[in-house]
Amino acid sequence: MKNLLEVENLKVNFRTKKERLRAVRGISFSLKKGETLCIVGESGCGKSITSLSIIGLLPSNGEIAEGSIKLDGNELLGKTENELEIMRGNEISMIFQEPMTALNPTFTIGFQLREPLMIHKKMSKKEATKKSIELLEKVGIPNPVEKLRQFPHELSGGMRQRVMIAMALACEPSLLLADEPTTALDVTIQAQILELMDELKRQMGMGVVFVTHDMGVVAEIADRVMVMYAGEVVEIGDVDRIFNHPQHPYTKGLLGAVPNVDDEEHHLNIIPGSMPNLDDEISGCRFHPRCPYAMDICRKKNPTTFQVTSSHQSKCWLQEVTDVDRLHTTS
Amino acid sequence: MLVLIVRRLFQLVLLLFGISFIVFMSMFIAPGDPAAIIAGPTASASDLEAIRASMGLDKPVLVQYLDYLAGVLHGDFGYSYQTGQSVSDAIISRFPNTFKLAVASMIVAMAIGIFAGIISAIKHNSWIDFSSTTIALLGVSIPNFWLGAMLILVFAVNLQILPVGGLSYSIFSLEGIKELVLPAITLGTASAALIARMSRSSMLEVIQSDYIRTAKAKGVKKRSIVWVHALRNAMIPVITIIGIDFGALLGGTVITEQVFAINGVGRLMIDAIAARDFPIIQGTVLLVAAIFVVVNLIIDIIYALIDPRISYD
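Worth saying up front: this structure is predicted, and the values here are computed from it rather than measured.

This next bit is on the sheet that holds strand β7 (residues 175-179) of chain A. Residues and elements named next belong to chain A. The strand order across the open sheet built from 8 strands is β6-β7-β8-β3-β9-β10-β12-β11, with neighbouring strands paired in mixed fashion. Both edges of this open sheet fall to β6 (92-95) and β11 (306-309), since each of them pairs with a single strand only. Averaged over all pairs of adjacent strands, the angle between their axes in this sheet comes to 20 degrees, without regard to strand direction. As paired strands, strand β3 (residues 36-40) and strand β8 (residues 207-212) are joined by 5 bridges and run parallel to one another. Looking across to β8, one finds that Ile 39 is bridged to Val 211. In the packing of helix α1 (residues 47-55) onto the sheet, the strands contacted are β3, β6, β7, β8 and β9 (224-229), and the crossing angle to β7 comes to about 145 degrees.

Structure representation (structure tokens):
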């Protein structure tokens, strides 16, 4: 199937007074229609920046230095702000982490929900109101007519996130970006929201890029998983490959750091050290100072991306060793 | 909302009692004998005695205060020692000028201040921002009397395009508007500068907020993000400043009234203080206090209209 989203060699820098910080260091990935790709990693690994780059909403001191982002074969980089405004909320939508602050406190739910419909679909206020009621019903909000007249502070966090989802999906976008949309919610509400998003994705057949640091959430909704570390993609693959056959030591570390309540013997593994700052230059592999398997080559040379299977890649020298081993055993 | 209004008006009554008492007592402590001022320098001791007796000034202070209060409750605020005019007439004849001037200045201040503040916030750190911030700083620093005198010199004396010298025409005539222009600009610039600085910082904070990012992600046009989504939120703190300024302007502006020869409440009060004209002082102070309470009440009501999170029930 054709790819919905193709990101190639994306590099994002941040300007500060002193220097240029490299937040995203040349990442590539793709997403198919109807697929959910989870981007995981610790805070500051560049996962949110990646999603903001796609919708063109980087903070004012951020800039895309290089690369290509194609939606349906259509290059997004280099589009003018006007062209992007037409796409945002229409073909690409985004939901954010904080439902408490992501809605405008001084406008009604109805106003905020009608807005994308009136802008992109050129609906009249009446048509947009009708559609808004449908949307609220779709995301499971009771008394939608009454809710339209209410203000965000009158709704609970879970309800607000449902409103955000309704708003993002109003124009039936082909690509939905979700930046930790469940992190700020209670666990029970979290499960409901994930289920809702999954169901709507199926109904609308859109592609979803879901940014999270929660491996539990990944297991719940991902089709494919992309693991990022310090601005680079270290491993990408199908969700069962990543969970059952993780290749990169960092992925293994992340999975080992998830508590397991079923297994009393389970020992929580912590990845030693912390993620490097954006301005730390590390020779070789950026993970090697924290890596239990680090070899000589890891300190000298940044690993290339190795193909583990046709749809599973790992950016780690260990892969080369196993490849060589495999070569030896087969020959 | 109604509860708020009733509660505030009740507070206003208590406040006016307190203020009238303090002002009444402080006038007794202050040096200067009103009877001597009324009678003039050549009056004899018996003349003074007669004046005191006729005005009730020989009674104990508390009795005088209660007499005054009794009058006030019947709508009688006393009579000016200097002119014999009733206090309410004196204030009613001056207040329209002060009111016109305050409203006109506030319009100037808000139009310039909010616009400049928002432009410098959205173009922040550009030369537009830099120059508008500098002008705002100048606006706060330049004294009113100097600016007023300069405006008169340029526009009334040299260019002769705007009149100067009191407010004598109806506000609904061209002359009435023209004669308001210079004093309104003089008074408005200081407020404008303050409003601009407040709008700028408030707007800067708002345009970096999550809900503005949400609006952008929906594809809302930049212009409507600024003037619809952000403006309403950014105005909440600015309204406080506007309210305080407007209250102060309505209480009379001594210097500007003096410079432009406007018969307003400010001059009435200052002249009364100079002449120990106690009833006028008492009346104008009560007016200023009442105005402040009412303006603050209006501001609180506007808050609730702009920000739905604020509720007084």
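Read on, since the account is not over.
What follows is about the environment of B:Leu194. Residue and element names in this part refer to chain B. Here Leu 194 shows up in helix α8 (residues 174-207). Note: C-alpha distance between Leu 194 and Thr 253 (59 residues apart in sequence) is 17 Å. Those residues in contact with Leu 194 that lie beyond four places of it in its chain are Val 140, Ile 241 and Asp 245.

Here we take up the environment of A:Ala222. All names here are of chain A. Inspection of the secondary structure assignment puts Ala 222 in the loop between α8 (215-221) and β9. Sequence separation of Ala 222 and His 267 is 45 residues, and the distance between their C-alpha atoms is 25 Å. Residues within four places of Ala 222 in sequence aside, it is in contact with Thr 36, Cys 38 and Val 239.

Let us look at α8(B). Residue and element names in this part refer to chain B. Taking 1.5 Å of rise per residue, 34 residues should cover 50 Å, yet α8 covers just 41 Å from first to last C-alpha, more than 12% shy of that figure. Along its length, α8 reaches its greatest deviation from straightness, about 35 degrees, at Gly 188. Of all the 34 residues making up α8, 25 are buried; the element is thus mostly covered by neighbouring parts of the structure.

Residue and element names in this part refer to chain A. Per the domain assignment, the segments of chain A are domain 1 (3-91 + 174-275) and domain 2 (104-172). Across the boundary between the two partners, domain 1 contributes 13 residues, which contact 12 residues of domain 2. At 7 residues, the largest contribution of residues to the side of domain 1 that touches domain 2 is made by helix α7 (residues 187-204). Grouping the amino acids of the side of domain 1 that touches domain 2 by side-chain chemistry returns 10 nonpolar, 3 polar and no charged.

On to the interface of chain B and chain A, then. At the interface, 19 residues of chain B touch 24 residues of chain A. Of all the elements in the fold, those that place two or more residues in the side of chain B that touches chain A are α9 (210-217) and α10 (222-250) of chain B. Top contributing element to the side of chain B that touches chain A by residue count: α9(B), with 7 residues. Taken together, the residues of the side of chain B that touches chain A sort by class into 6 nonpolar, 5 polar and 8 charged.

Right, let's get into the UniProt feature "domain: ABC transporter" (unreviewed entry) in chain A. In this numbering, the UniProt entry assigns the feature "domain: ABC transporter" (unreviewed entry) to residues 5-255 of chain A. Secondary structure over residues 5-255 of chain A splits into 39% helix and 27% strand, and the C-alpha atoms at its two ends are 27 Å apart.

All names here are of chain B. Contact geometry for helix α5 (residues 87-122) and helix α6 (residues 127-141): axes closest at 8 Å, N-to-C directions at 145 degrees. Every pair of crossing elements has a handedness; the one defined by α5 and α6 is left-handed. Residues Ala 116, Ile 119 and Ser 120 of α5 form the contact with α6, whose participating residues are Ile 128, Asp 129, Ser 132, Thr 133 and Ala 136. Among the residues forming the contact of α5 with α6, the class breakdown is 4 nonpolar, 3 polar and 1 charged.

Conventions and cut-offs
Residues numbered from 1 in each chain as written. Chains lettered and ligands numbered in written order. Predicted model: local features only at pLDDT ≥ 70, side-chain atom pairs only at ≥ 80, totals over all residues. Pairing = 2+ DSSP bridges. Helix = DSSP H or I, 4+ residues; strand = E, 2+ residues; numbered from the N terminus. Axes fitted to C-alpha atoms, helices over the stretch in contact; angles between N-to-C directions. Contact = placed C-beta atoms within 7 Å. Expected span 1.5 Å × (residues − 1). Bend = angle between axes of the 7 residues up to and from the residue. Buried ≥ 20, exposed ≤ 12 C-beta atoms within 10 Å, placed from the backbone. Domains from an automatic or database assignment. Nonpolar A, V, L, I, M, F, W, Y, C, P; charged D, E, K, R; others polar. UniProt positions renumbered as here; feature names shortened; annotations may be inferred. Left-handed = near helix turned anticlockwise from the far one by under 90°.

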